[in-house]
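An overview of the molecular structure
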Amino acid sequence: MSSGFTKLAVWLMALVIIGSTSALGQSSGGRLTGKVTGNDGKPLVGVTVSLINQTNSDSRQTRTRADGSYSIKLGNGAYRISVTAPYEARFDRGKAAEYGTFANIICSAPQVCPTLENVIIDGTERKLDFPVVDRTKAVTADGKPVAPPPPNTREVRDRWRYLFPDYDRYGDQGARGRDVPFRRGKWYNPYDQNKIKGDIPVIGNDYFVILSAVSTTGVELRRTPSGNNVSSANPDSNNFFGRPESFSFNQTLQLSFEFFKGQTTFKPRTWAVKISPTFSIPNYLNARENGIVNIDVRRGTTRTDTQVSLEEAFAEVKLFDTNKNYDSVSLRAGIQAFNADFRGFLFSDNNLGGRVFGAFSNNKSQFNLAYFRQIEKDTNSGLNSMRRLRPQDIYIANFFRQDFLTKGYTIQAVAAYNHDRADTHYDQNGFLVRPAVVGSARRHSIKAGYLGFNGDGHIGILNLSNSYYYAFGEDDFNPIAGRKTDISAHMAAVEASIDRNWLRFRASMFFASGDNDPTDDKARGFDAILDDPNFVGGQFSYWSRQGVRLVSTDIGLVQPNSLLPSLRSSKIEGQANFVNPGIFIYNVGVDAEVTQTIKTVFNANYLRFHRTEPLEYVLFQPGVRHEIGYDLSLGVVYRPLLINNLTFTFGSNIFLAGKGFKDIYTDRPRNCPIPNFCTGDVPNPSKPQYTLFSQMKLIF
């Protein structure tokens, strides 16, 4: 019984193995058959048909029979078909559809197509008939023998117009439709090959055009301290502080045209010109107090304005190559974007200037030498106003070295000089911003130099970004000190992060030195030229995003898109001020790639003043404590199409005031910056400050 059962089991296993092998053999191979004829349509015997598997390069051959037919068994895959000398195949362009969905005909001359690619064998029988010619008997119109074509040649106009072949991405032999990478399609699809996106030359083989457009729509609701005056919007108000909420809407449209020459796939372009007209249409603000949207309180609490600007308008030319690998040096002059360092701590702007830049050591070493003569900024949009040049000269040089000490880590050295000459300037809303209306408001010049060292990259699993700047020079009459001051200030920042699957855990610290004696001839508070830092939360952070004004003066505690409590009148139109309190910021955060389309960013910041003496002196208020408070933020970036051409950004933050912030914005038992900020004699921020915002960006 047992022996019989064992025999039966062995026979069943054998049948299964044989059946599986048979099925595998049927599913893993197919047969190619057909007939080979001459130009006269008669079958040819003895023609060798050559087949090469395009995946593993295996080659097979078969010869035609007396009736011109051939038949060969092949494994599944894509094959290249030709015939051997003295014959040459003549595949017909007009029969491309008959050769197969993915077939690609290769021609060595307009009417000579000796090779057929991407013939799919998929377990069934494929029939392929084609004619051949005998090259030894072919003659030209005047009776001379036809010279054979050069080996391995094909008809290709140039490398830009070479068509990529179809390929079976999904393994269904085109059942879902043709799948062609980098195809030429609609002109309005930036992911199709087209002339207006720089994919294909518009003139010859090396003249290109790029047309692009960026639409940015932003909406924001915020609560920040607001001042009050005798013309309060609320006639029953008699408080020193006003109602703090405001709402803004901003629509910006940028169009760009770029024309350049060069074989840019493997070497820098020879020359280029670019122009980017930018429109703020409109910029809208709805506040709750007079004197915010304009110095003229009769303008009310709302403002709607437009602005036309040029954010890029430059010409660029390559000066020379620095080695045989096409590292080169180029010159760019005009309105252009420039960021002095990795995180935007010192200078980040689009402005008028000239820049020499280049690379050597196979692009491992790069440098910039830049000069900018600043254009005045529009107060409300932040764009170039195009009305006048500002008497300010900026010189910046930096040097990058990739893979410094370890692969993946880049260092950078920076030297900069800011010469901001004495001037009087009122912003678009009528407020005096140069000189700042604080202390002794007198016109003055600033000559400030900067030396910096930065690093960015990764060391093993640790992502590291670090920065240090030393500022020096002189302010010939600082309005707070009321005298000439010598500048000596420091800034330092470091961020470390580790990636774990879809999460990035971050910790960072930012420090800017403060001034311990606002009345002496030393200015020890650090200030930048025109910063735009992406650090400790960036655009999502309340402290970084909002400009918080000192409501008893016409200066700001901190400017929009800055980390520095610089006590400037305006970051974009005012002058640097090195008599300021300085700051410590401690940050922890998490970035989460929740899905392929959704990314979330969470940050928690703790902020403290480095020195409070400048605040006490400006506000005539002793005993200002160091704690600024806590800044908690959450951001969401949504890319519904898995591309950056359509991006939605949502953000919210909340600021919990610390003791020092309460000292600045409260007068203990009497005044409060926002409703219910104080209770009795003890400040109690039951209504913390916040921001809610959203942004939609469309890129073509």
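Bear in mind that the values here come from a model prediction, so they are computed numbers and not experimental data.

Formed by 60 residues in total, the largest nonpolar core has its most connected members in Phe347, Tyr450, Phe510 and Leu557. No other element matches the four residues that strand S24 (residues 483-500) contributes to this core. Once residues within four sequence positions are removed from consideration, Phe510 is found in contact with Phe345, Met491, Ala492, Ala493, Phe535, Leu563, Leu564, Ile583, Phe584 and Ile585. Grouped together as the second largest cluster of nonpolar side chains are 24 residues, Tyr70, Ala103, Cys107 and Ile121 included.

Glancing now at a nonpolar patch on the surface. A surface patch of nonpolar side chains, amounting to about 480 Å² of accessible area, comprises Phe602, Tyr630, Leu632, Leu634, Ile654 and Leu656. Contributing elements (two or more residues each) for the nonpolar patch: strand S31 (627-638) and strand S32 (646-657). Here the nonpolar patch takes three residues from S31, the largest share from any one element. Summarising the element assignment, Ile654 is placed in strand S32.

Time to look at the pairing of strand S1 (residues 29-37). Across the nine residues that make up S1, a large majority, seven, are buried. Both S1 and strand S4 (residues 69-75) contribute to a ladder of seven bridges, which runs antiparallel. Within S4, the residue paired with Leu32 across the bridge is Ile72. One ladder, built from three bridges, connects S1 with strand S9 (residues 125-127); its direction is parallel. Bridged to Leu32 within S9 is Arg126. Relative to strand S10 (residues 130-134), S1 is paired through two bridges, and the arrangement is parallel. Each bridged residue has a counterpart across the sheet, and for Val36 the counterpart in S10 is Phe130.

Criteria and cut-off values
Along each chain, residue indices are assigned from 1 in the same order as the chain's sequence is written. For a predicted model such as this one, the threshold for reporting local features is a pLDDT of at least 70, and the threshold for listing and counting side-chain atom pairs is 80 or more; totals across whole chains, interfaces and linings nevertheless cover every residue. Computation of side-chain values: all heavy atoms of the structure, hydrogens and water removed. Residue types Ala, Val, Leu, Ile, Met, Phe, Trp, Tyr and Cys, when buried and joined through side-chain atoms within 4.5 Å, form a set referred to as a nonpolar core. Only protein chains enter the area calculation, which uses a 1.4 Å probe; residues under 20% of their type maximum are buried, those over 50% are exposed, and those in between are partly exposed. Put simply, DSSP H or I for four residues or longer makes a helix, DSSP E for two residues or longer makes a strand, and each gets a number counted from the N terminus. Contact between two residues is taken to exist if any of their heavy atoms lie within 4.5 Å; hydrogens are not considered. Only residues whose relative accessible area exceeds 30% and that form no salt bridge enter a patch; like-charged residues are grouped when within 9 Å of one another, and nonpolar side chains (Val, Leu, Ile, Met, Phe, Trp, Tyr) when within 5 Å. Surface exposure here means Shrake-Rupley accessible area, sampled with a 1.4 Å probe, where a residue is shielded only by the protein chains that are shown. A side-chain nitrogen of Lys or Arg and a carboxyl oxygen of Asp or Glu constitute a salt bridge if their distance falls within 4 Å. Pairing between strands is defined by DSSP: at least two bridges between the two strands are required.

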